[in-house]
Amino acid sequence: MGNRASVSFSKDGCESVTLFSHWGGREFQNRAKNLALELKKAANAPEIMNSPLGRLEPGTVMVEFIRQETKELDLVTGNYYLGKDSGSGDNSDNGHLIIRL
């Protein structure tokens with residue numbers, strides 16, 4: 001039994017790939033929203049302001065979200081997987097969330 005959900009990041013008509021979580025549910029989606037809020041606040045920080053992350057480029061934000069979600073794991077054994085869009089996997093419990101940057 002899962003708690004399936006997916007997220008993607010979007011800005012200026014560009015959308016990242018979709019990250020699916022089998023067990024993450026709404027908490028997974030909330031962590032993605034919180035990351036977006038943190039990055040928006042930090043976008044003018046000197047260490048990131050002239051980088052793709054500082055410009056909030058959707059693909060780079062997705063990479064940062066994946067890094068944060070998996071940094072404590074030895075192996076990513078099955079909770080997470082990528083798809084080209086929200087229809088490329090199973091998000092049947094909680095749906096798909098597009099986070100607008």
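Given the structure is predicted, the values throughout are model-derived calculations rather than measurements.

Draft legend 1. Structural context of the side chain of Glu-69. Within the secondary structure layout, Glu-69 lies in helix H2 (residues 58-70). A distance of 2.7 Å separates polar atoms of two side chains, one belonging to Glu-69 and the other to Arg-31. Once residues lying within four places of it in the same chain are set aside, the contact partners of Glu-69 are Phe-28, Arg-31 and Tyr-80.

Draft legend 2. Just the packing of aromatic side chains, in detail. Enumeration according to the criterion identifies four aromatic pairs in this entry. Geometrically, the ring pair formed by Phe-9 and Phe-65 is edge-to-face, given 6.1 Å between the ring centres and 75 degrees between the ring planes. Here Phe-9, found in strand E1 (residues 5-11), pairs with Phe-65, found in helix H2; they are 56 residues apart in sequence, far enough to count as distant. Neither residue differs from the other here; Phe-9 and Phe-65 are each classed as buried. For the pair Phe-20 and Tyr-81, a centre-to-centre distance of 4.9 Å together with 5 degrees between the ring planes defines the contact as stacked.

Draft legend 3. The arrangement of the side chain of Ser-8 in detail. Residue position: Ser-8 is located in strand E1. On the basis of relative accessibility, which here comes to 0%, the residue Ser-8 falls in the buried class. Within the structure, Ser-8 has its side chain in polar contact with the side chain of His-96 (distance 3.1 Å).

Draft legend 4. Looking closely at helix H1 (residues 25-42). For H1, with 18 residues, the first-to-last C-alpha span of 26 Å sits near the 26 Å given by 1.5 Å per residue. For H1, the full list of buried residues reads Gly-25, Phe-28, Gln-29, Ala-32, Leu-35, Ala-36 and Leu-39. Looking straight down H1, one finds its buried side chains confined to an arc of 115 degrees; they lie on one side. Along its buried surface, H1 packs onto E1, strand E3 (18-21), H2, strand E4 (80-83) and strand E5 (96-100).

Conventions adopted
Residues numbered from 1 in each chain as written. Predicted model: local features only at pLDDT ≥ 70, side-chain atom pairs only at ≥ 80, totals over all residues. Heavy atoms only, no water. Helix = DSSP H or I, 4+ residues; strand = E, 2+ residues; numbered from the N terminus. Polar contact = N/O pair within 3.5 Å; in protein donor to acceptor, adjacent residues only side chain to side chain. Contact = heavy atoms within 4.5 Å. Phe/Tyr/Trp six-rings, centres within 6.5 Å; stacked < 30°, edge-to-face > 60°. Buried < 20%, exposed > 50% of the residue type's maximum accessible area, 1.4 Å probe, protein only. Expected span 1.5 Å × (residues − 1). Arc of directions from axis to C-beta.

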